[in-house]
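Observations on the three-dimensional arrangement
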Amino acid sequence: MTCATFKREEVNTEHVQSAAANIFTGRRFDWNYPSQRNATPKIPVRDVNGFTASSSIRDARIIYKMINRIQASATLLIVCVTFASGRELVVDNVAGSDYQNDRGLVAGPATFGPYRTIMRALLVAQPGDSIILTKTDVPYRECISLNGRQHSGTSLYPFQIIGNGAVLDGTTVPRRDGWEVVRDDLYRYLPPRPGYGQLFVGGNTMPRFIGEFDNLSAMSQGEWAHLDGLIYFRPPVGKSPLDLPLEITSEAVGITLYDVEHVVISDLTVRGYRLDGINAHDKANEVQLIGIAARQNGRSGFCVAGSSSVTIGASLSELNGMAQLLSEGESHTILANVDLADRTAPPIVDHGGKIMKLPNPADDANEVR
């Protein structure tokens, strides 16, 4: 794609637009009235395409349209150049710093990373940019949102988040003073934030007890339950919750997409969020999720809702609380080589929308719902 450089010429349009306003706002000239017909005022137009001309009010409509077309062409070319010049913004949550002179607010040369947080890089991102994560031994503990044209791209220059195998983590350690004894060796914990919850030990999923409060006595050792906004846990014999490396889901959603188009998110693990790993909330169109592992989230690994259209490829969704894939509204989802494990929740929960599963090489036909 080649984009020409456009240099906008200064055009004096004050008189032309003033006269044209009479045409479009109802103040019309009566061309049959003798004094106006015989004394058509002349309106100078300076430097339009390099020549000087004069035009009557009857020509104002043509000139007004011409100027609007010139301005529209300039806008199109500027947008084209912006998308074509996408930058690479590097994020490193160990060695990076969010103190960057990337908006010219202080004297000195501009700096653009590496940033310490993804959120900070998204603040200065432009259409068609790529956010490149550095994989470290420390997970990225953030909730991030892609919203509007700033975080969109084109089919040739998509807006990208390249994970490089990094982990986006929404868990936290329970407060030590948050546990209380219910009876015997049964404990309960009030999460600081409401929503779907999960409890882990050492980063691993524990067996979940499904039942009512009256049946908690049947809970086995090492099992947990989520009832009425509380987390119940029966630790192994001789242990208390304080003796174990427990984690609970804390942050709401790993990645939220709203009113964006042509976005590619790849090579990333999203785990431990109260609601969804990745949520295409609405109007998230031409979105591709490639090489994503969405696991251990409170509600679902992937949620595609509203009028969003999302393609998920070469990805895994497992160990999520309510669904591996949640489809809502009038959304469209395409699955290509996606493993929706059903060990903890149904592979797909359908609250609306359309889902198409493309065949794997070993498959013989499409599975369309």
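Now for a quick tour of the structure. Computed from a prediction, not measured in an experiment: that's the story for all the values here.

Our next topic: the nonpolar core. One broad rule of soluble globular proteins: the nonpolar side chains tend to lie buried together. Membership of the largest hydrophobic core comes to 41 residues, with the highest contact counts inside it found for Ile118, Ile131, Leu146, Leu257, Ile265 and Leu289. With sequence-adjacent residues up to four places away left out, leucine 289 is seen in contact with Ile265, Ile278, Phe302, Val310, Thr311, Ile312, Gly313 and Ser315. Core analysis: the second largest hydrophobic core is formed by ten residues, Leu199, Ile231, Leu246 and Ile248 among them.

Here we come to the sheet that holds strand S9 (residues 186–189). The strand order across the open sheet built from four strands is S8-S9-S13-S12, with neighbouring strands paired in antiparallel fashion. Two strands bound the open sheet, and with one partner strand each, they are strand S8 (179–183) and strand S12 (223–227). For this sheet the average axis-to-axis angle between neighbouring strands, irrespective of direction, equals 30°. The sheet contact formed by S9 and strand S13 (residues 230–234) spans three bridges and is antiparallel. By the bridge assignment, arginine 188 is partnered in S13 with tyrosine 232.

Following the criterion strictly, the structure yields three aromatic pairs and no others. A centroid spacing of 5.0 Å and a plane angle of 45° characterise the contact between tryptophan 179 and tyrosine 189, whose relative ring orientation is tilted. Of the two residues, tryptophan 179 sits in strand S8 while tyrosine 189 sits in strand S9, which places them ten residues apart along the sequence. Looking at tryptophan 179, the relative accessible area reads 13%, which means it is buried. Between tryptophan 179 and phenylalanine 233, the ring centres sit 6.2 Å apart and the planes meet at 50°, which makes this aromatic pair tilted. Here tryptophan 179, found in strand S8, pairs with phenylalanine 233, found in strand S13; they are 54 residues apart in sequence, far enough to count as distant. Side by side, tryptophan 179 and phenylalanine 233 carry an identical accessibility label, which is buried. A cation sits over an aromatic face here: arginine 271 above phenylalanine 200, 5.3 Å from the ring centre.

What follows deals with the pattern of salt bridges. A side chain of one charge can pair with a side chain of the opposite charge if their charged atoms are brought near each other. Summed over all chains, the structure comprises twelve salt bridges. Between aspartate 177 and arginine 175 there is a salt bridge whose closest N-O contact spans 3.5 Å. Aspartate 177 sits in the exposed class, given a relative accessible area of 66%. For arginine 175, a relative accessible area of 39% corresponds to the partly exposed category. Within this structure, Arg141, Asp169, Glu247 and Arg271 form a network of salt bridges that share partners.

A sheet is described by the order of its strands in space; here four strands give the open sequence S7-S14-S10-S11, paired in antiparallel fashion. Looking at which strands have only one partner, the edges of the open sheet turn out to be strand S7 (171–172) and strand S11 (204–205). One ladder, built from two bridges, connects strand S10 (residues 199–201) with S11; its direction is antiparallel. If you follow valine 201 over to S11, its bridge partner there is asparagine 204.

Thresholds, definitions, all that
- Residues numbered from 1 in each chain as written.
- Predicted model: local features only at pLDDT ≥ 70, side-chain atom pairs only at ≥ 80, totals over all residues.
- Heavy atoms only, no water.
- Core = buried A, V, L, I, M, F, W, Y, C linked by side-chain atoms within 4.5 Å.
- Buried < 20%, exposed > 50% of the residue type's maximum accessible area, 1.4 Å probe, protein only.
- Contact = heavy atoms within 4.5 Å.
- Pairing = 2+ DSSP bridges.
- Helix = DSSP H or I, 4+ residues; strand = E, 2+ residues; numbered from the N terminus.
- Axes fitted to C-alpha atoms, helices over the stretch in contact; angles between N-to-C directions.
- Phe/Tyr/Trp six-rings, centres within 6.5 Å; stacked < 30°, edge-to-face > 60°.
- Lys NZ or Arg CZ within 6 Å of the ring centre and 35° of its normal.
- Salt bridge = Lys/Arg side-chain N within 4 Å of Asp/Glu carboxyl O.

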